[in-house]
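Here's the letter readout for the chains.
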Amino acid sequence: MRAGAVLPVAGIELGGTKCILTLAHGPDRILAQETVATQAPEVTLAGLEAVLAVWWRDHGFAALGIASFGPVCLDQADERFGHILTTSKPGWSGTDVARRLAAPFAVPMAFDTDVNGAALAEMRWGAGQGLSDFAYVTVGTGVGVGLIVNGRPTRGIGHCEMGHIRVPRLPTDTAPSGCPFHDDCIEGLASGTGVRAALGDQPVESVGEDHPVWDRVASAIALLCHTMVATAGPQRIAIGGGVLQRQPHLLARIDPLLRESIAGYLAVPSGPYIVSPMLGDQAGPLGPIAMGLQARTA
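My aim in this report is to walk through the structure given alongside it, one point at a time.

Rules used throughout
- Residues numbered from 1 in each chain as written.
- Predicted model: local features only at pLDDT ≥ 70, side-chain atom pairs only at ≥ 80, totals over all residues.
- Heavy atoms only, no water.
- Helix = DSSP H or I, 4+ residues; strand = E, 2+ residues; numbered from the N terminus.
- Rg over C-alpha atoms; globule rule 2.2 N^0.38 Å.
- Buried < 20%, exposed > 50% of the residue type's maximum accessible area, 1.4 Å probe, protein only.
- Contact = heavy atoms within 4.5 Å.
- Areas by Shrake-Rupley, 256 points an atom, 1.4 Å probe, with all protein chains shown as cover.
- Lys, Arg positive; Asp, Glu negative; His and termini not counted.
- Charge placed at Lys NZ, Arg CZ, Asp CG, Glu CD.
- Salt bridge = Lys/Arg side-chain N within 4 Å of Asp/Glu carboxyl O.
- Pairing = 2+ DSSP bridges.
- Axes fitted to C-alpha atoms, helices over the stretch in contact; angles between N-to-C directions.

Some remarks on the overall build of the protein chain
From N to C terminus, the protein chain includes nine helices and 10 strands. Taking 19 Å as the expected radius of gyration for a compact globule of 298 residues, we find that the protein chain reaches 19 Å, a close match to that expectation. Taken over the C-alpha atoms alone, the protein chain extends approximately 65 × 40 × 35 Å along its principal axes. Counting across all 298 residues of the protein chain, residues that qualify as buried make up 52%. A sequence separation of at least 24 residues applies to 60% of the contacts in the protein chain between residues at least 6 apart. Total accessible area on the protein chain is roughly 13,600 Å²; 53% of this is exposed by carbon and sulfur atoms. Of the side chains in the protein chain, 20 bear a positive and 27 a negative charge, and the two mean positions are spaced by 6 Å.

Right, here's the structure in full:
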């Protein structure tokens, strides 16, 4: 590395099935990207440490961003900061992620949820550019929301868990929920897990766009958006994730359902309000890069 060169940022998106490590200055200058399977904590963390060690030796980096599946502790005054809290993922409850991964490197570190990271990436380089209040929703195996208010992810007693807001079911929907905790939350009704629970033995690939299960999904996501409009008032909402990627017809249904639900009480911005993430499937991996860039300049 020549004297005076600007060092890149290292980022880790820690997911339920895989972890994506990125070394980059931004979306147009990605120097390296590696994947480590999410297995037992010790195996996974050792794999992540090995990649970071090579990057530190060969390139160096100016900051480290870590965006993790949750729930996680984000309170820096709490001794559990950087830990994964009680999770259904076997073996991961109580695992120290942030402090362990950051310990070998004398650089600023940022830690947040995976969806908050993706929201910050979209605000820096994608669909949320120029906005101070923005929401990123991912509808996949579960439903996650990165909610940014006045330029910062929400905090309070914990990070945003809007996927577990309980909403009215459609009158015709008596199918099982995909959530073991709630019969009528967004995640239970609209996630990939919820879709599979509703269809039972019928494969998702066999149902068309007119199947009632997609009415259930669109209604639940629209009610999630209604809740966000009526509380935090995001200036734009980007919705991605595996369910939307595989069922692109859903996105166009959500905006009119939202406006119908609001019923003129609040002024929903005109134009493209419910949009796809501009960064596509790179929103998640670039999240910790955006976080690291913020930490570097803080």
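Things to note about the pattern of salt bridges
Per the counting criterion, the structure on display carries 11 salt bridges. The shortest N-O distance in the salt bridge between Asp58 and Arg57 comes to 2.8 Å. Owing to a relative accessible area of 61%, Arg57 belongs among the exposed residues under this scheme. The partner of Arg155 in a salt bridge is Asp112, and the shortest N-O contact between them spans 2.9 Å. Here Asp112 lies in strand β5 (residues 109-113) and Arg155 lies in the loop between β8 (152-153) and α4 (186-190), a separation of 43 residues in the sequence. We classify Asp112 as buried; its relative accessible area is 4%.

A word on the sheet that holds strand β10 (residues 274-275)
Read from one edge to the other, the open sheet built from five strands follows the order β8-β7-β6-β9-β10, with strand pairing classed as mixed. Both edges of this open sheet fall to β8 and β10, since each of them pairs with a single strand only. Here strand β9 (residues 236-240) runs beside β10; their pairing, made up of two bridges, is parallel. Residue Ala238 lies in a different strand from β10, and its bridge partner there is Val275. Relative to the sheet, helix α3 (residues 114-125) contacts β6 (134-139), β7 (143-149) and β8, its axis offset from that of β7 by approximately 50°.

Details of the pairing of strand β3 (residues 29-37)
When a strand is regular, its side chains alternate between the sheet's two faces. The pairing of strand β2 (residues 18-26) with β3 spans eight bridges and is classified as antiparallel. Opposite Leu23, over in β3, you have Ala32 as the bridge partner. Here β2 folds back onto β3 in antiparallel fashion, the turn holding two residues.

Without other data, these values stay purely geometric and don't point to any function.
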